[in-house]
Amino acid sequence: MRTYQMNNGLTIPAVGFGTYLSKDGDEVYNAVRKALDAGYRHIDTAAFYENEETIGRAIKDSGVPREELFITTKLWNDAHGYEEAKAAFKASMDRLQLDYLDLYLIHWPNPVSVRDRWQSANAQTWIAMEELVEAGQIRTIGLSNFMVHHLEELLKTAKIVPAINQLRLAPGVYQAEIVNYCKEKGIILQAWSPLGRGELFSHPTMLMMAKKYGKTVAQIALAWSWSQGFLPLPKSVTPSRIVENLDFQDIELSNDDIATITAIEVVTGAKNPDEIDF
Ligand code: NAD
């Protein structure tokens, strides 16, 4: 499995396994076990997904050595603030049953609960996360859904520069301003919904590329994600698709085809985090 090097010197597997809306219980348990069997070593969850406990059990039961795994979870919108972040982290770790976490992300920059004071809420949350890094409980800290103004504000007080920003990125969903900003700062972009939430599967350009390369639309979308230097987090609970979504690593898209895929237009784009209602 290819890895990327982060700005703290550590490496991260260049594909992660998504688990949003993978139902708690057998569904997410079996999906994670299948993913680990298939060779994924990087799992993406969140307190909000309400499946951390089962994922922790699946990880333990898999027998894969802890040091081979890269586990991410995220701080939800009800836990911005210093004390809140420490408590939320502990609760996630209790559910995941891990001794340390590889990556902890602030899930959204500007939830409704702190919209009148998001700057200080993020700064305080970040101090708590930095302390957890210093204490050896988290290896790497980062962000999700942060736009340029949110990041610039955080960088005014941060001692640790975030290593990751997890954004909605897929063919047709290319958030150029924040992507370019993160690339300049050496912040790795993780791509959520890298398969485009359904729309891409019937897109004529994607179907044409799939035929040309003898691969599936999902695999073309993932190869495109890598062509942009992104770290895709494909999600599936279907065993054959879990395997399929790893089998794109040999695809070499031509520059012309990358440009054609990048120019795709889709109906549903990324939400503006300043306007989310949660
Ligand atoms: P995705 O793009 O990974 O998948 C979308 C859907 O495509 C899946 O539900 C599945 O039904 C289908 N699919 C998967 N593989 C397929 C295949 N090979 N062929 C055909 N259909 C296939 O979308 P996602 O789950 O929204 O995003 C991926 C992960 O990103 C999530 O599971 C989660 O871990 C993360 N995420 C993060 C945020 C955030 O705010 N940080 C938000 C959403 C998702």
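Rules and cut-offs
- Residues numbered from 1 in each chain as written.
- Predicted model: local features only at pLDDT ≥ 70, side-chain atom pairs only at ≥ 80, totals over all residues.
- Heavy atoms only, no water.
- Helix = DSSP H or I, 4+ residues; strand = E, 2+ residues; numbered from the N terminus.
- Buried < 20%, exposed > 50% of the residue type's maximum accessible area, 1.4 Å probe, protein only.
- Contact = heavy atoms within 4.5 Å.
- UniProt positions renumbered as here; feature names shortened; annotations may be inferred.
- Core = buried A, V, L, I, M, F, W, Y, C linked by side-chain atoms within 4.5 Å.
- Near = heavy atom within 4 Å.
- Polar contact = N/O pair within 3.5 Å; in protein donor to acceptor, adjacent residues only side chain to side chain.
- Areas by Shrake-Rupley, 256 points an atom, 1.4 Å probe, with all protein chains shown as cover.
- Nonpolar A, V, L, I, M, F, W, Y, C, P; charged D, E, K, R; others polar.
- Salt bridge = Lys/Arg side-chain N within 4 Å of Asp/Glu carboxyl O.
- Patch = residues over 30% accessible without salt bridge, like charges linked within 9 Å, V, L, I, M, F, W, Y side chains within 5 Å.
- Axes fitted to C-alpha atoms, helices over the stretch in contact; angles between N-to-C directions.
- Parallel < 35°, antiparallel > 145°, perpendicular 65-115°, else oblique.
- Left-handed = near helix turned anticlockwise from the far one by under 90°.

Its location among the elements puts Thr72 in strand β5 (residues 70-75). Classification of Thr72 by relative accessible area gives buried; the value is 0%. For Thr72, the contacting residues outside a window of four places in its chain are His42, Ile43, Asp44, Thr45, Leu101, Leu103 and Leu105.

UniProt records the feature "active site" (unreviewed entry) at Tyr49, using the numbering of this structure. Of note, Tyr49 is situated in the loop between β4 (42-44) and α2 (52-62). Ignoring anything within four residues of it in the chain, the contact list for Tyr49 reads Thr19, Tyr20, Asp44, Lys74 and His107.

Turning to the nonpolar core, a few remarks are in order. One finds Ile12 and Tyr104 to be the most contacted residues of the largest nonpolar core, which totals 82 residues. Residue contributions to this core peak at eight residues, all from helix α8 (residues 217-227). When neighbours within four sequence positions are excluded, Tyr104 is seen to be in contact with Thr73, Lys74, Leu75, Ala85, Ala88, Phe89, Met129, Ile138, Thr140, Ile141 and Gly142.

The ligand sits among 26 residues. The nearest are Asp44, Ser144, Ser193, Leu195 and Lys235. Between the ligand and Asp44 there is a distance of 2.6 Å, counted from an oxygen atom to a side-chain nitrogen or oxygen. A distance of 3.5 Å is found between an oxygen atom of the ligand and a side-chain nitrogen or oxygen belonging to Trp192. Relative to its unbound accessible area of 820 Å², the ligand is 87% covered by the protein chains. Residues that form the shell around the ligand fall into these classes: ten nonpolar, ten polar and six charged.

A few words on the pattern of salt bridges. Close approach of charged atoms allows side chains with opposite charge to pair. For the structure shown, the criterion picks out 13 salt bridges. Between Lys86 and Glu131 there is a salt bridge, with the nearest N and O atoms lying 2.5 Å from each other. Placement of Lys86 in helix α3 (residues 82-96) and of Glu131 in helix α4 (residues 118-134) is noted, with a sequence separation of 45 residues between them. Here Glu131 falls in the partly exposed class, since its relative accessible area comes to 29%.

Once that is clear, we can look at a nonpolar patch on the surface. A cluster of nonpolar side chains, contributed by Tyr20, Leu21 and Phe48, occupies part of the molecular surface with about 290 Å² of accessible area. If you trace the backbone, Leu21 turns up in the loop between β3 (17-18) and α1 (26-38).

On to the packing of α4 against helix α5 (residues 148-155). Following both chains from N to C, one finds α4 and α5 inclined at 55°, their axes separated by 9 Å at the closest point. By the angle between their directions, the pair α4 and α5 is classed as oblique. Judged by the twist between their axes, the crossing of α4 over α5 is right-handed. Contacts from Trp118, Gln119, Asn122, Ala123 and Trp126 of α4 reach α5 at His149, His150, Glu153 and Leu154. Partitioned by chemical class, the residues of the contact of α4 with α5 number four nonpolar, four polar and one charged.

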